[in-house]
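Summary of structural features
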Amino acid sequence: MKQTINIKYILITALAVLLSFFFHELAHLLTGKLLGYPMKMTLNSAFLAEGEYTSVWHEYLVSAAGPIFTILTAFVFFYVIRNTKNTYWYPFLFFAFSFRLMAMIVSIFNPNDEARISQWLGLGQWILPLIVCFTLFFLVIKTSKEQGYSLKFNLINYILTSVFITGVVLSDQYFLK
């Protein structure tokens, strides 16, 4: 399969990052709203507008909603790529892995969604993030083998997603708040 990194691919990768961030946070926001809480969101966070969760279960359902959405979409794109053999869908799958890997790394300093839930379940901070990352990594590896994506192609995808993730996080922190 042809692995071309062109302007179209780069723009699709940027779109994949933006849409994936948006819908990940929207899943948190909608779950909170469905549970009856006033919620707000930015491109990189969803949070209570005021007050506190009335139940620890509610807090963890809201925390779980984003990663569950991200994992489900990764599986959807895994099957879309498998069926269409269209390389332009790959940034959506690859981003899911990069996104959760970076979230796990950030958890070293500030526990993220999976890390908080993992601790709450009594699994320690790293079990659930590692399971999620290895699952998504498996999908990336399996897709790469099936589609003939090279290590170089995956490294370029990692660089692209890292740059776009950094752009979203920095713009969210410094420009969109």
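Residues numbered from 1 in each chain as written. Predicted model: local features only at pLDDT ≥ 70, side-chain atom pairs only at ≥ 80, totals over all residues. Heavy atoms only, no water.

1. What about a nonpolar patch on the surface?
Condition: Patches here: salt-bridge-free residues with over 30% relative accessible area, like charges joined within 9 Å, nonpolar side chains (Val, Leu, Ile, Met, Phe, Trp, Tyr) joined within 5 Å. Computed with the Shrake-Rupley method and a 1.4 Å probe, the accessible areas treat only the protein chains shown as cover for residues. Any Lys or Arg side-chain nitrogen found within 4 Å of a carboxyl oxygen on Asp or Glu counts as a salt bridge. Runs of E in the DSSP output that reach at least two residues are strands. Runs of H or I that reach at least four are helices, and both are numbered from the N terminus.
Among the surface-exposed residues, Ile105, Ile108, Phe109, Trp126, Leu130, Phe134, Phe137 and Ile141 lie close enough to one another that they form a single nonpolar patch of about 810 Å² accessible area. The dominant element in the nonpolar patch, judged by the number of residues it contributes, is helix H5 (residues 127–147), at 4 residues. Mapped onto the elements of the fold, Leu130 is located in helix H5.

2. Description of the nonpolar core
What counts here: Among the buried residues, those of types Ala, Val, Leu, Ile, Met, Phe, Trp, Tyr and Cys that are joined through side-chain atoms within 4.5 Å form a nonpolar core. Per-residue accessibility, obtained with a 1.4 Å probe over protein chains only, is compared with the maximum for each type, and a residue is labelled buried under 20%, exposed over 50%, and partly exposed between these values. The contact criterion used is simple: two residues touch if any of their non-hydrogen atoms lie within 4.5 Å.
Residues Ala74, Tyr90, Leu93, Leu136, Leu139 and Val140 are the most contacted members of the largest nonpolar core, which totals 23 residues. Elements with a contribution of two residues or more to this core: helix H1 (7–34), helix H2 (56–84), helix H3 (90–106), H5 and helix H6 (151–174). In this view, Val140 contacts Tyr90, Leu93, Phe94, Phe97 and Asn154; residues no more than four positions away in its chain are not counted. One finds Val17, Phe21, Phe95 and Ile165 within the second-largest nonpolar core, a separate group that totals 8 residues.

3. Describing the confidence of the model for the protein chain
Using the following cut-off: As a per-residue quantity, pLDDT reports the predictor's confidence and falls between 0 and 100.
Of all residues in the protein chain, 98% attain a pLDDT of 70 or more, and the chain-wide mean is 95. Highest mean pLDDT in the protein chain belongs to H5 (98); lowest belongs to H6 (92).

4. Some details on H5
As a reminder, the rule being used: What a helix is expected to span follows from its residue count: subtract one and scale by 1.5 Å. What the arc measures is the spread of directions leading from the helix axis to the C-beta atoms.
Its 21 residues place the ends of H5 30 Å apart at the C-alpha level, agreeing with the 30 Å of an ideal helix rising 1.5 Å per residue. For H5, the full list of buried residues reads Pro129, Val132, Cys133, Leu136, Leu139, Val140, Thr143, Ser144 and Gln147. Each buried residue of H5 sits inside an arc of 130° when the element is viewed along its axis, so together they form one side. Of the exposed residues in H5, those oriented more than 90 degrees away from the buried face are Phe134 and Lys145. Tucked into the core, H5 has its buried residues touching H2, H3, helix H4 (113–120) and H6.

5. Considering the environment of Ala46
Within the element layout of this structure, Ala46 appears in strand S2 (residues 45–48). Judged by its relative accessible area of 21%, Ala46 is partly exposed. Residues Ala46 and Ile68, spaced 22 residues apart in sequence, show a C-alpha to C-alpha distance of 15 Å. In contact with Ala46, not counting residues within four places along its chain, are Glu25, His28, Leu29, Lys40 and Met41.

6. What to know about the packing of aromatic side chains
Let me state the cut-off plainly: Centre distance within 6.5 Å is the pairing criterion for rings of Phe, Tyr and Trp, where only the six-membered ring of Trp is used; planes under 30 degrees apart are then read as stacked, over 60 as edge-to-face, and the remainder as tilted.
For the structure on display, the rule yields 20 aromatic pairs. Ring geometry for Phe77 against Phe92: centres 4.7 Å apart, planes inclined by 15°, an arrangement best described as stacked. Note that Phe77 is positioned in helix H2 and Phe92 in helix H3, a separation of 15 residues in sequence. Exposure class is identical for Phe77 and Phe92. Each is buried. For the pair Phe97 and Phe137, a centre-to-centre distance of 5.3 Å together with 40° between the ring planes defines the contact as tilted.

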